[in-house]
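Fold and geometry: a report
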Amino acid sequence: MSRAFIKEVEPETIEQPDRAVSTHPNFVTAEGLAAIERTLSHFETAHKTAIDKNDRAAIVATQRELRYWNARRSTAKVVEPSTNKSEVQFGAVTVRRNDGRPQTFRIVGEDEAEPARGTLSYVSPLARAVLGGRVGDTVEVTGGSATITEIK
């Protein structure tokens, strides 16, 4: 049989689109920068393991994560906690919602935010509403209003 009738099998290519990088400045807390470093270390180790195993899918996946986390590390700007507690900045704040319930949260960088753990990204609607506010200020938030009761 002629080679012209044999289908060539091309090696499987695995592609993953890059993770979207935020267009906002990459402000982080010192803890957030440490978390980025730990995450990078984790993916560097995973990448080496994938290469050792010749696991093409894992290599591609870890390369994608390494590109993302290297970009985040290279643009990270650490925001030091302010000693000025007269105005809401990165750090903890307590508000009283219009239904009377108090809510305390920490304003942090985008990659370190975990609302279930009480940390909100500085670009989240609630954080943006209170940033720059003072104790006693009432701000409009999703679902009503909130009054700043404490800045920590």
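Here is a short report on the structure shown in this document. (Residues numbered from 1 in each chain as written. Predicted model: local features only at pLDDT ≥ 70, side-chain atom pairs only at ≥ 80, totals over all residues. Heavy atoms only, no water.)

As enumerated under the stated definition, the model contains three aromatic pairs in all. Relative to Y122, the ring of F90 has its centre 5.7 Å away and its plane inclined at 40°; by these criteria the two rings are tilted. Residue F90 is located in the loop between β2 (77-78) and β3 (91-97), and its partner Y122 is located in the loop between β5 (119-121) and α3 (125-130); the two are separated by 32 residues in the primary sequence. For the pair formed by F90 and Y122, the shared burial category is buried. Three or more aromatic residues joined by ring pairs make a cluster, and in this case those are F27, F90 and Y122. Sitting over the ring of Y68, R19 keeps its end group 3.8 Å from the ring centre. (Phe/Tyr/Trp six-rings, centres within 6.5 Å; stacked < 30°, edge-to-face > 60°. Helix = DSSP H or I, 4+ residues; strand = E, 2+ residues; numbered from the N terminus. Buried < 20%, exposed > 50% of the residue type's maximum accessible area, 1.4 Å probe, protein only. Lys NZ or Arg CZ within 6 Å of the ring centre and 35° of its normal.)

Core analysis: the largest hydrophobic core is formed by 17 residues, its most contacted members being V88, V93, F105, I107, V130 and I148. If you list the elements that add at least two residues to this core, you get β3, β4 (102-108), α3, β6 (138-141) and β7 (144-151). In this view, V88 contacts V93, I107, V130, L131, G132, G133, I148 and I151; residues no more than four positions away in its chain are not counted. Core analysis: the next-biggest nonpolar cluster, separate from the first, contains seven residues, V28, L40, L66 and Y68 among them. (Core = buried A, V, L, I, M, F, W, Y, C linked by side-chain atoms within 4.5 Å. Contact = heavy atoms within 4.5 Å.)

Turning our eyes to something else, we now look at the side chain of R97. Topologically, R97 is positioned in strand β3. For the buried R97, no salt bridge exists, and the shortest N-O distance to an oppositely charged side chain is 6.4 Å, to D99. Looking at R97, its side chain comes within polar contact range of the side chain of Q103, at 2.9 Å. Contact partners of R97, with chain neighbours within four places excluded, come to Q103, L126, V141, T142, S145 and A146. (Lys, Arg positive; Asp, Glu negative; His and termini not counted. Salt bridge = Lys/Arg side-chain N within 4 Å of Asp/Glu carboxyl O. Polar contact = N/O pair within 3.5 Å; in protein donor to acceptor, adjacent residues only side chain to side chain.)

We now examine the environment of S41. Residue placement: S41 occurs in helix α1 (residues 30-53). Residue classification places S41 among the partly exposed residues on the basis of a relative accessible area of 40%. Note: C-alpha distance between S41 and R56 (15 residues apart in sequence) is 20 Å.

One open sheet holds the five strands; their spatial order is β5-β4-β3-β7-β6, and the pairing between them is mixed. Across the chains shown, the open sheet's two edge strands, defined by having one partner strand only, are β5 and β6. Going from strand to strand, the sheet's axes swing by 45° on average, the running direction of each strand aside. Where β3 meets β7, five bridges bridge the pair, whose relative direction is antiparallel. If you follow T94 over to β7, its bridge partner there is E150. (Pairing = 2+ DSSP bridges. Axes fitted to C-alpha atoms, helices over the stretch in contact; angles between N-to-C directions.)

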